[in-house]
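Structure assessment
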Amino acid sequence: MFELGQINVVGATSGPNWGAFGPALSETTLSNEEMYTFNRNRLDDALTLAPGVATSKGGARNEPTVSVRGFNLWQVPVSIDGVRVYLPYDNRLDISRFLTPDLSEVQVQEGYVSILNGPGGMGGAINLVTRKPTRAVEGEIRAGVGLGNTGTYTNFDSTFSLGTRQEGYYVQATGTFSDSDGFFLPQGFTVLNPWAEDGGRRNHSETQDWRINLKAGFTPNATDEYTFNYTVQQGEKGSPYDIYHNVRTPNGFRGSANANQTRNWDWPEWNWQTVYFLSKTALSERTSLNTRFYYTWFDNTLAAYDNNAFTTQSTRGFNSFYDDQSFGTDLELVHQLTAQDTIKGVLTYRRDSHAAQDENTPGLTSTSWDPTIRQSEAVMSAGVENTLHVTDRFDFVTGISYNYRDLLLAEDYGDVNGTGDQLYNHPLTTDGAVDWQFAAIYRYSDTGRVSASVSSRTRFPTLFERFSSRFGSAIANPDLEAERATNYEIAWSDTFDKRLTLGATVFYSQVTNLIQGVDTVQWSTANDTWISQNQNVGNSNNVGFILKGEWQATDTLRVGGHYTYTHIDLDSPIVGIEPTGTPEQYAFLYAKWQAWEKLTVIPSATFASSRWTSPSYGAVSYVRLDGFALANLSLEYQFNPQTTFSVGVQNIFDKQYETEWYYPEAGRNFFINGRVTF
């Protein structure tokens, strides 16, 4: 386990300082072994194993969305080894681009997130932890193949890891690769518009991704550690149509719907890389310093085509290029005032820069380029957290921080007062917010724990939310205010007879100044839709509970799972707005039965109730999708301690279901995986 890459760790191994960057209360750790067992090779699929989390797939950008107790990815930051993965312009993270086989674990925090982690953690946090070697020589090679419901090839995945740990230093290299020709729809799929989707292999659902992580660490003594890290990942993807609305073909729009799909898009480039330095230094017996320094790049190309042939860009086509960069630091000073009292101070600074340029009709010799639009802002945070060990079993944590956002540059390109398209500047603004929280944690036995917490956190709107025109379908709102969530939580967990582990959490979140897109009275002829604007639409109340457990029923049978109930009450003066992407009820159940000495049978099932979704085209409206239940089964055979072979089937009954309206998910699919460690 790469401890420097973890965030918010509470446990005996952390010592009195609680590890780096604050305590965690409701946290789920998804291990590499667990993600392998359930064949969760992409982050969006892996997150469905965590209680309180639901994902939705599809939409016009082919980007999965995540709901953590009703909060989305803008409100739940993503990190790698504690280094924030932030896309400076819109932070619209396509988490399906993040592969999981080369990770050591994924940490998912729900609700309470320490203010020491910096601004933005309104409703949780997700952290991808890379690997760290523990032996003189160690490694892993993994490969897998996916098949559709007709037995036809769909995807290939591979992973490698090689590392060494020596006295005073360690070196690690990992990599993973995934190539997919696209998934298959259920065999009973009903064709609604054959120009948009004719069944079989899902049109335009192909993807390709790879990532490499390099790490060199130095451990000069028992307390200090310094690591240099480099992560690069590159991807490309198609973008399926919704299966109903009219599609632009070489012969005009085809279909019988009341709205047209004007996007013929794909992403030939979705590349992200970062170089970062992490350190842990003991300045004295009672004082330590933890640091993070990082620089990240994001290169993204969106290609738009004339029609559903995806071959020409000479009339309506364009290429949109993003060149984004971020750099920053987190400095945490930890001082143990007494054996019972620890105080932490943190300073966070991040500078984000965005550059965008459009190439119009690149299929013609007379192609034109719009001016490069540049936007930049700085985000800073200063916080203090105190942990008081009132007794050996009772801890009280308090924290407060001040967050500040400074918009440094906000260029845009478009028509100015009817004078034609030109480069202009939006007004420069600043925002400030105070975050605060406290938590009480009582360990009433060696295995039992109960906690209660209140946390008030804010999130500044992105540049995209304030300024994006969305290709003429939206207008800017530079005065958009920060969202705020006040989270209340009571949690309990215990283990009985070393065989039964149970947990329960009750949560309530009050969200104010909620940001959501709203239709205006203006109509976009080019996009065939009402022009929208992001606004602070009102408030919401998220209330619910989580139940989870695992039982070692016999020496060969283990069963477990979790259930989440989330109700969102949206209070807005704008009539008709609904909370999207969060099913009211969600559950995941599994069993692991060691049928023979080397063979394990692993059935699992996912249950989700209905959820609200918003169509990708036409006026802003809301549709409630049906719930669904999915059954899965895998067999894992261990030839020896180093070699494992597994086969499985997901969505056994080939059920047709959707998590975004008119974007059906994969039908029955099979996988074959092999793994060798040394």
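Residues numbered from 1 in each chain as written. Predicted model: local features only at pLDDT ≥ 70, side-chain atom pairs only at ≥ 80, totals over all residues. Heavy atoms only, no water.

1. Digging into the overall build of the protein chain
In terms of helices and strands, the protein chain carries 3 helices and 38 strands. A compact globule built from 678 residues would reach a C-alpha radius of gyration of about 26 Å, and the protein chain, at 25 Å, matches this within 12%. On the principal axes, the C-alpha backbone points of the protein chain span a range of 70 × 60 × 45 Å. For the protein chain, restricting intrachain contacts to residue pairs at least 6 apart in sequence, the fraction spanning at least 24 positions comes to 67%. The positive charge centre, built from 49 side chains, and the negative charge centre, built from 75, are 4 Å apart in the protein chain. (Helix = DSSP H or I, 4+ residues; strand = E, 2+ residues; numbered from the N terminus. Rg over C-alpha atoms; globule rule 2.2 N^0.38 Å. Contact = heavy atoms within 4.5 Å. Lys, Arg positive; Asp, Glu negative; His and termini not counted. Charge placed at Lys NZ, Arg CZ, Asp CG, Glu CD.)

2. Some remarks on the sheet that holds strand β1 (residues 27-31)
Spatially, the 5 strands line up as an open sheet ordered β1-β6-β7-β4-β5, and their pairing is mixed. Both edges of this open sheet fall to β1 and β5 (83-84), since each of them pairs with a single strand only. (Pairing = 2+ DSSP bridges.)

3. A word on the packing of aromatic side chains
The tally for this structure, following the rule as stated, stands at 29 aromatic pairs. Ring geometry for Trp74 against Phe464: centres 6.2 Å apart, planes inclined by 45 degrees, an arrangement best described as tilted. With Trp74 in the loop between β3 (65-68) and β4 (78-80) and Phe464 in helix α3 (residues 463-467), the pair connects residues that are 390 residues apart, well separated along the chain. What makes Trp74 partly exposed here is its relative accessible area of 23%. Residue classification places Phe464 among the buried residues on the basis of a relative accessible area of 5%. Aromatic pair Tyr295 and Phe327: ring centres 6.0 Å apart, planes at 10 degrees, arrangement stacked. Taken together, the residues span a long stretch of sequence, with Tyr295 in strand β17 (residues 287-304) and Phe327 in strand β18 (residues 318-338) at a distance of 32 residues. (Phe/Tyr/Trp six-rings, centres within 6.5 Å; stacked < 30°, edge-to-face > 60°. Buried < 20%, exposed > 50% of the residue type's maximum accessible area, 1.4 Å probe, protein only.)

4. Brief notes about the pairing of strand β22 (residues 394-415)
Relative to β22, strand β21 (residues 373-389) runs antiparallel, the two being bridged by 15 bridges. Looking at β22, one finds that Glu377 is bridged to Leu407. Pairing analysis gives 13 bridges linking β22 to strand β24 (residues 430-442), with the strands arranged antiparallel. Bridge assignment links Ile400 to a residue of β24, and that residue is Trp436. Summarising the sheet, β22 and strand β23 (residues 421-425) pair through 5 bridges and their orientation is antiparallel. The residue of β23 that forms the bridge with Glu411 is Asn425. The hairpin formed by β22 and β23 contains 5 residues between the paired strands, and Asn417 there has a positive phi angle of roughly 55 degrees.

5. Let's talk about unusual backbone geometry
At Arg69, a position not held by glycine, the phi torsion is positive, near 55 degrees. One can find Arg69 in the loop between β3 and β4. The phi dihedral of Lys498 is positive, around 60 degrees, even though this residue is not glycine. The topology assignment puts Lys498 in the loop between β26 (483-496) and β27 (500-524).

6. Here's the deal with a nonpolar patch on the surface
On the surface, a nonpolar cluster with roughly 880 Å² of combined accessible area is contributed by Leu337, Ile343, Val384, Leu388, Val390, Phe396, Ile400, Tyr402, Val434, Trp436 and Phe438. Secondary structure elements with two or more residues in the nonpolar patch: β21, β22 and β24. Looking at the element boundaries, Ile400 is found in strand β22. You can call Ile400 partly exposed: its relative accessible area is 48%. (Patch = residues over 30% accessible without salt bridge, like charges linked within 9 Å, V, L, I, M, F, W, Y side chains within 5 Å. Areas by Shrake-Rupley, 256 points an atom, 1.4 Å probe, with all protein chains shown as cover. Salt bridge = Lys/Arg side-chain N within 4 Å of Asp/Glu carboxyl O.)

7. Side note on the pattern of salt bridges
Scanning the entire structure with this criterion turns up 29 salt bridges. One salt bridge connects Arg61 with Glu63, and the closest N-O pair in it is separated by 3.3 Å. A salt bridge links Arg459 to Glu465; the nearest nitrogen and oxygen atoms lie 2.9 Å apart. Judged on exposure class, the residue Arg459 and its partner Glu465 are both buried. Connected via shared salt-bridge partners are Arg42, Asp94, Arg97, Asp209 and Lys237.

8. Quick word on the sheet that holds strand β14 (residues 252-254)
Here 3 strands make up an open sheet; going across it, the order is β14-β13-β15 and the pairing mixed. Two strands in the sheet have a free side with no partner beyond their single neighbour: β14 and β15 (260-261). Pairing between strand β13 (residues 246-249) and β15: 2 bridges, direction parallel. Among the inter-strand pairings, Asn246 is bridged to a residue of β15, identified as Asn260.

9. Some remarks on the confidence of the model for the protein chain
Looking at the protein chain as a whole, the pLDDT averages 91, with 94% of positions reaching at least 70. With pLDDT under 50 throughout, residues 9-21 is counted as low confidence; its partners more than four residues away or in other chains account for 39 contacts. (pLDDT = per-residue confidence, 0-100.)

10. Digging into the environment of Pro461
Its place among the elements puts Pro461 in the loop between β25 (449-459) and α3. Residue classification places Pro461 among the buried positions, given a relative accessible area of 1%. Along the primary structure Pro461 and Thr505 are separated by 44 residues, whereas in three dimensions their C-alpha atoms are 29 Å apart.

11. Notes on the side chain of Gln75
Relative to the helices and strands, Gln75 is located in the loop between β3 and β4. Here Gln75 falls in the buried class, since its relative accessible area comes to 4%. If sequence neighbours within four positions are ignored, Gln75 has contacts with Gly70, Gly120, Gly121, Met122, Gly123, Gly124, Arg459, Glu483 and Leu514.

12. Topic: the environment of Phe396
In this fold, Phe396 is placed in strand β22. Separated by 42 residues in sequence, Phe396 and Phe438 place their C-alpha atoms 7.4 Å apart. Apart from residues no more than four positions distant in its own chain, Phe396 is found in contact with Asn386, Thr387, Leu388, Val390, Phe438, Ala439 and Ala440.

13. Description of the nonpolar core
By size, the foremost hydrophobic cluster in this structure holds 51 residues, and its most contacted members are Leu47, Leu93, Phe98, Val106, Ile126, Leu128 and Trp270. A total of 6 residues in this core trace back to one element, the largest contributor, which is strand β16 (residues 265-282). In this view, Phe98 contacts Asn41, Arg42, Leu43, Ile80, Val85, Leu93, Leu128, Arg211, Gln233 and Trp270; residues no more than four positions away in its chain are not counted. Residues Leu407, Leu463, Phe464 and Phe467 belong to the second largest nonpolar core, which totals 8 residues. (Core = buried A, V, L, I, M, F, W, Y, C linked by side-chain atoms within 4.5 Å.)

14. Things to note about the side chain of Glu665
When you line up the elements, Glu665 lands in the loop between β37 (663-664) and β38 (669-677). No salt bridge forms around the buried Glu665; measuring N to O, its nearest opposite-charge neighbour Lys57 is 4.7 Å away. Side-chain polar atoms of Glu665 contact the side chain of Thr659, separated by 3.0 Å. Discounting chain neighbours no more than four positions away, the residues touching Glu665 are Lys57, Phe183, Leu185, Pro186, Tyr657 and Thr659. (Polar contact = N/O pair within 3.5 Å; in protein donor to acceptor, adjacent residues only side chain to side chain.)

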